[in-house]
Amino acid sequence: MVALRGRCPRCGQGKLFDGLLALRPRCPVCDLDFRGADAGDGAPVGVMFVLGPILVILAFWMEFRFDPPIWVYAVVLIGVSLPVAVLLIRLIKASLLGIQYRYRASEMER
Ligand SMILES: [Zn+2]
C-alpha cells in the first residue's frame, strides 16, 4: 500500500511529504495536484482518538506496576507520544489522500 510509504496514489513513486509532516503541493514525479485533497484537521483527530487512550492506559500501567516519580511520566509519555504521533499523522494523511484520489471525493484530477 502506497500510504505506508508516503507515496503518491497515482504513480506510487513521488513522495507525498516535504519534510516531516507538510504535504507537497504536487507529485514531483507525475505532477498530480495534492492540494485539492489535503485532509486538513482530519489526521490529527484520528491520531488523538488512537493515541489518547493508549497513553492513558500506559500511564495507568506505569502507575500500578512501577509507581515511578512524576518526571518519569513526562519523559516516557512525551518520548512515546511524539514519534508515534508524527508517524500516525503521516500515515493517516497519506491514507486520506489516497482514499480521496481513488473515490474522487474532491476536485482532484486523475
Ligand atoms: Zn505521482
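Note that the structure is predicted; figures quoted are calculated from it, not measured.

**Looking at the coordination of the zinc ion**
Piece 1. Taken together, the protein donors to the zinc ion comprise Cys8 (SG), Cys11 (SG), Cys27 (SG) and Cys30 (SG), at separations of 2.2 to 2.3 Å.
Piece 2. Taken together, the four donor atoms coordinating the zinc ion span angles of 108 to 111° at the metal, a pattern that classifies the geometry as tetrahedral.
Piece 3. Mapping the donors of the zinc ion onto the primary sequence yields the spacing C-x2-C-x15-C-x2-C. Of the two residues, Cys11 sits in the loop between α1 (2-5) and β1 (17-18) while Cys27 sits in the loop between β2 (22-23) and α2 (42-66), which places them 16 residues apart along the sequence.
Piece 4. A residue is classified by how much of its surface remains accessible, and Cys27, at 2% relative accessible area, is buried.

**With respect to the nonpolar core**
Piece 1. Counting residues in hydrophobic clusters, the biggest one holds 11 residues: Ala3, Cys8, Leu16, Phe17, Leu23, Cys27, Leu32, Phe34, Ala94, Leu97 and Tyr101.
Piece 2. The contacts of Leu16, once residues within four sequence positions are left out, are Gly6, Arg7, Cys8, Pro9, Ala22, Leu23, Arg24, Phe34, Ala94 and Leu97.

**Looking at the packing of aromatic side chains**
Piece 1. Considering all chains together, one arrives at two aromatic pairs under this definition.
Piece 2. When the centroid spacing of 6.2 Å and the interplanar angle of 15° are considered together, the rings of Phe60 and Phe64 count as stacked. Of this pair, Phe60 and Phe64 are both found in helix α2, four residues apart, which corresponds to roughly one turn of the helix.
Piece 3. For Phe60, a relative accessible area of 49% puts it in the partly exposed group.
Piece 4. Among the residues examined, Phe64 registers a relative accessible area of 68% and is labelled exposed.
Piece 5. On the numbers, 5.3 Å between centres and 90° between planes, the contact of Trp61 with Phe66 is edge-to-face.
Piece 6. Look at Trp61 and you get partly exposed, because its relative accessible area is 44%.

**Focus: the environment of Ser95**
Piece 1. Considering the arrangement of structural elements, one finds Ser95 in helix α3 (residues 70-103).
Piece 2. With 52 residues separating them in the primary sequence, Ser95 and Ala43 have C-alpha atoms 9.4 Å apart.
Piece 3. In this structure the side chain of Ser95 is engaged in a polar contact, spanning 2.7 Å, whose partner is the backbone oxygen of Leu91.

**Some remarks on a nonpolar patch on the surface**
Piece 1. Taken together, the side chains of Val45, Phe49, Val50 and Ile54 present a nonpolar region at the surface, about 380 Å² in accessible area.
Piece 2. The topology assignment puts Ile54 in helix α2.
Piece 3. Residue Ile54 is classed as partly exposed on the basis of its relative accessible area of 45%.

**Let's talk about the environment of Pro44**
Piece 1. You can see Pro44 is positioned in helix α2.
Piece 2. Taking the C-alpha atoms as reference points, Pro44 and Ile89, separated by 45 residues in sequence, lie 6.3 Å from one another.

**Considerations on the packing of α2 against α3**
Piece 1. α3 packs onto α2 with a crossing angle of 155° between their chain directions and a minimal axis gap of 9 Å. Classified by the angle their axes make, α2 and α3 are roughly antiparallel. Crossing angle aside, the handedness with which α2 passes α3 is right-handed.
Piece 2. Here the residues of the contact of α2 with α3 are counted per class, giving 19 nonpolar, three polar and two charged.

What counts as what
- Residues numbered from 1 in each chain as written.
- Predicted model: local features only at pLDDT ≥ 70, side-chain atom pairs only at ≥ 80, totals over all residues.
- Heavy atoms only, no water.
- Donors = N, O, S within 2.8 Å, 3.2 Å for Na, K, Ca; no water.
- Tetrahedral: all angles 85-135°; square planar, octahedral: opposite > 155°, others 65-115°.
- Helix = DSSP H or I, 4+ residues; strand = E, 2+ residues; numbered from the N terminus.
- Buried < 20%, exposed > 50% of the residue type's maximum accessible area, 1.4 Å probe, protein only.
- Core = buried A, V, L, I, M, F, W, Y, C linked by side-chain atoms within 4.5 Å.
- Contact = heavy atoms within 4.5 Å.
- Phe/Tyr/Trp six-rings, centres within 6.5 Å; stacked < 30°, edge-to-face > 60°.
- Polar contact = N/O pair within 3.5 Å; in protein donor to acceptor, adjacent residues only side chain to side chain.
- Patch = residues over 30% accessible without salt bridge, like charges linked within 9 Å, V, L, I, M, F, W, Y side chains within 5 Å.
- Areas by Shrake-Rupley, 256 points an atom, 1.4 Å probe, with all protein chains shown as cover.
- Salt bridge = Lys/Arg side-chain N within 4 Å of Asp/Glu carboxyl O.
- Axes fitted to C-alpha atoms, helices over the stretch in contact; angles between N-to-C directions.
- Parallel < 35°, antiparallel > 145°, perpendicular 65-115°, else oblique.
- Left-handed = near helix turned anticlockwise from the far one by under 90°.
- Nonpolar A, V, L, I, M, F, W, Y, C, P; charged D, E, K, R; others polar.

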